[in-house]
Each structure stands twice: as C-alpha cells, then as structure tokens.
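Structure at a glance
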Amino acid sequence: MAETALATTLSHEIALIRFSRSLGRNAQPHIEAIMKALREELLSTDTIPTKKRRDELIALVNELIGVELGGWSEELESELVALAKEEAKFHQAALSNLVGQKIARPALESIIKTAFNTEMVLNNQAYTVDERIKNYNANSADRIKRIITGGWRDGLTTYEMSQQITGRQNSSVSNQMKKGAFTLAKDVTSHISSTAKTSVGMANQDVVIGEAVVVTLDSHTSPICQRLGSLDGGGKKYYYAKDGFNFPRPPFHWNCRSTMRYILSDEFKELEEPRTRPSVVDGEAKRVDANKTWMQLAKENPSLARESLGEERAKVLDAMSAEEFTKIAYDRLNQPIPLDELVKKSKKAAKALSKE
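So, here's what we can say about the structure. (Residues numbered from 1 in each chain as written. Predicted model: local features only at pLDDT ≥ 70, side-chain atom pairs only at ≥ 80, totals over all residues. Heavy atoms only, no water.)

1. Overview of the sheet that holds strand S4 (residues 237-239)
Sheets are built from strands that pair by backbone hydrogen bonding, the pairs being arranged parallel or antiparallel. Inclusion rule: In short, DSSP must find at least two bridges between two strands for them to pair. Secondary structure is summarised from DSSP: a helix means a run of H or I of at least four residues, a strand means a run of E of at least two, and numbering begins at the N terminus for each. Fitted lines through C-alpha atoms give the axes, limited to the stretch in contact for helices. The angle between two N-to-C directions lies from 0 to 180 degrees. Here, two residues are considered to be in contact whenever any of their heavy atoms come within 4.5 Å of each other.
The strand order S4-S3-S5 describes an open sheet built from 3 strands, whose pairing is antiparallel. Only two strands of the sheet have a single partner each, and these edge strands are S4 and strand S5 (259-264). Ignoring strand direction, the axes of neighbouring strands in this sheet form an average angle of 30°. With 3 bridges connecting them, strand S3 (residues 208-214) and S4 associate as antiparallel partners. Residue pairing for S4: Ala212 is matched across the bridge by Lys237. In this fold helix H6 (residues 173-202) packs onto S3 and S5, with an angle of close to 10° to the strand it touches most, S5.

2. Considering the nonpolar core
What counts is decided by this rule: To qualify as a nonpolar core, a set must consist of buried Ala, Val, Leu, Ile, Met, Phe, Trp, Tyr and Cys residues joined through side-chain atoms within 4.5 Å. Exposure categories follow from relative accessible area, calculated using a 1.4 Å probe and restricted to protein chains: below 20% of the type maximum is buried, above 50% is exposed, and the middle band is partly exposed.
If you look at the biggest cluster of nonpolar residues, it comprises 48 residues, and the most contacted ones within it are Leu264 and Phe325. Setting aside its immediate chain neighbours within four residues, Phe325 contacts Met295, Leu309, Arg313, Val316, Leu317, Met320 and Tyr330. Judged by nonpolar contacts, the second largest core, of 44 residues, contains Leu57, Leu80, Ala141 and Ala185.

3. Digging into the pairing of S3
The element S3 is extensively covered by neighbouring structure, given that 5 of its 7 residues are classed as buried. Note: S3 against S5, 6 bridges, orientation antiparallel. Within S5, the position partnered with Gly210 by the bridge is Ile263.

4. Considering the state of the cysteines
Let me state the cut-off plainly: Two cysteine sulfurs form what is called a disulfide whenever their separation falls within 2.5 Å.
One pass over the structure, following the stated rule, counts 0 disulfides. Counting only cysteine sulfurs, Cys256 is the nearest neighbor of Cys225, a cysteine outside any disulfide, at a range of 3.8 Å. Cys256 sits in the buried class, given a relative accessible area of 0%.

5. Some thoughts on the side chain of Asn204
You can see Asn204 is positioned in the loop between H6 and S3. Residue Asn204 is classed as buried on the basis of its relative accessible area, which comes to 4%. Here Asn204 is in contact with Ile103 and Ala104, once residues within four sequence places are set aside.

6. Some remarks on helix H3 (residues 108-117)
To be explicit about the condition: The directions considered for the arc are those from the helix axis to the C-beta atoms.
Among the residues making up H3, those that are buried are Leu108, Ile111, Ile112, Ala115 and Phe116. Looking straight down H3, one finds its buried side chains confined to an arc of 120°; they lie on one side. Projecting away from the buried face of H3 at angles above 90 degrees are the exposed residues Glu109 and Lys113. Where H3 is buried, its residues contact helix H2 (51-99), helix H4 (129-154) and H6.

7. Regarding the layout of surface pockets
Keep this limit in mind: Cavity and pocket criteria rest on a 1 Å grid covering protein atoms alone: a 1.4 Å probe that fits but cannot get out defines a cavity, protein on both sides within 12 Å along at least 5 of 7 lines defines an open pocket, and an atom within 4 Å of a point defines a lining residue. Grid points are joined across faces, edges and corners, and a volume is the space filled by probe spheres set on the points. Under the scheme applied, nonpolar residues are Ala, Val, Leu, Ile, Met, Phe, Trp, Tyr, Cys and Pro; charged residues are Asp, Glu, Lys and Arg; polar residues are all the others, including Gly.
Looking at the second largest pocket, its volume works out to about 490 Å³. What lines the second largest pocket is a set of 23 residues, and nearest its centre among them are Val121, Tyr238, Phe247, Pro248 and Asn334. When residues of the lining of the second largest pocket are traced back to their parent elements, those giving at least two are strand S1 (120-122) and helix H7 (223-228). Element by element, the count of residues in the lining of the second largest pocket is highest for H7, at 3 residues. Residues of the lining of the second largest pocket, tallied by class, amount to 13 nonpolar, 5 polar and 5 charged.

In structure tokens:
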C-alpha cells in the first residue's frame, strides 16, 4: 500500500508541475502582444525627442500591462480557483485510500477563501496570491518604464531601447517576463496545493496530526530547503495541535520544489512513509531511505556537498555530523551564516577551516 501511495504522490506532483507550466505558457501570447506593440511604437521614430513623447510611451506601457497582463491575471485566478477545488478532492481521496476509511472535506468555498487569503512566504517575504500576481505585473511594467526613461535621459536610440525591452538576449525584459511567468505560476500552484492539503488534514485530526517538509534531494536544493529538509529526521515537522494552520509550507522561496507530507496518528503510523525516495547525485538518480535528510546525503557524497555548500562549508560538514552542521550553520531565517560566525560558534568548524 505504501508503494501505491508513493506512486500516487509522484504522479500528482508531476501533474502539478505540468499544470503550472501550462499556466506559465498561457502568459506568453500576452507578453508577445505587449512586446509587439512596444516595438512598433518605439521604432516609429529614431529617438524620443521630447518629454511629452516619453510620457506617451510610459502611458502606453501602463495601458498594455493593464490590458494584457490584467487579462492573464484573470485567467490565472480562475484556473487557481478550479485547482483549489481539485486539490481538496485529491487530498481527500488519497487520504481515504491510504487509511481505508471515510475522510471529511471542508466546504470548497472555505478552502478557496483560505488559499487566497493565506500568505505564501517567499524568501521570508509574505504575499497573498493576488499580491504575488500584482507584484509580477508591477515589476514588469517598472522595468520597461525605467529603460524608456533612462534611454530618453541618456539619448539612446529607440532601437537600442527596443533591444533592451523586446530583444532575444536572455537579459531582455521580454525574456525575463516569460521566465518570471513560469516562476509565478509555479509559486501560486504550489501554494494552492499546500493550503488545500492543510485544510483537508486539519479537518481530519483523528487521522492526520501534522505535516512534514519533503525537499528534493539534489544539488539544486536551496539553502532554505537544505535546512528544512535536514531537520526532525527527514524534514521539519509541524503539528496541528501545537502549530495550528500558521506554519511554513511551500513555496518557501521563488520557484520552490519542496512539498509537504501528512504525519499520521499512531493508529495509522505504519502507512505513513514509503521505504525509499529518489535522489540525484552527480547526475545519477538513485533511491535512498525515506528518512534520509538532505544534509546526510551531502555528507555521504562530498561532490554534492562541495557543489551545493561550497568548498569551505563542505569541509565543515565533513568535520561533524549532519545534524550538528544543520543546527549551527544556518540562522533563524534558514540562511547560511557567514563563515566567520560559523568559526566562532564551533571549534570543529574552526579546526576544519584552519590553514594549519
């Protein structure tokens, strides 16, 4: 049954990734429409001769962003409402199949309200779904307007400005907006799924008593997730009775890949975990124990430690246990502390980094 549950979980995670990518792709026609209109308008003259003309272009940017990204935002929010409903149904059905009994589900309206009103915390900054979308839209508009204003001030040609905004290079606003749309879609999809999962879990506290962080075990794992995925024997654990609804959940940062798993009550404990989980080391996929932490994997694989932590921190990890390193090497915001502070906190770290 555990392996069946694992297969279901993996299929679900793959489906969520595909769904988020489809949401990101939906933004592309809107971005292209913005760029086409700006390109044509900018290249209608060789330069921006007057402040009045600059202000006209700024007004056009505001209009295009409002119409095109506003249209995508409406599509996105509609899709996310549908996702919240489907996620609630999925987690209810998956939990029911796992424990073999009927599982309660909160009202769908309540789940949707919770998902949209609960903030996601990205790199320790909080955003509701609406705020995250508006932040993307505002930043996109701001980048374009700054290029136009700066180009006008410095006497650039409209072709030079157009290249910065609509060009094919990775740094162009167009390409950054396209990448940003996929990141935004990933963030809000993860958030909707996480909050729906918690809503279902908290409605069934006779079966589910909390949730644990599950991070991706590879070299791309962020510092935040490195630490969270190395606590409490396989991933930081949160308990409904103690932590309530307000505890950290994915996404923990931009484009986060971490997820949460239910912690079941003692009666169902044997159903809680599969025996193994996937990891990637040196480009090779392999299965490891389900309770393997990210830091334990890094300690066992020096190349992973060096690639992810850097040479100096990898030396410190090698000099102590994975648990000890996890405890002392990060601050309360799950960020790596400076090396000089690490040396002050630990004689082992000082010795590992000594030149003698």
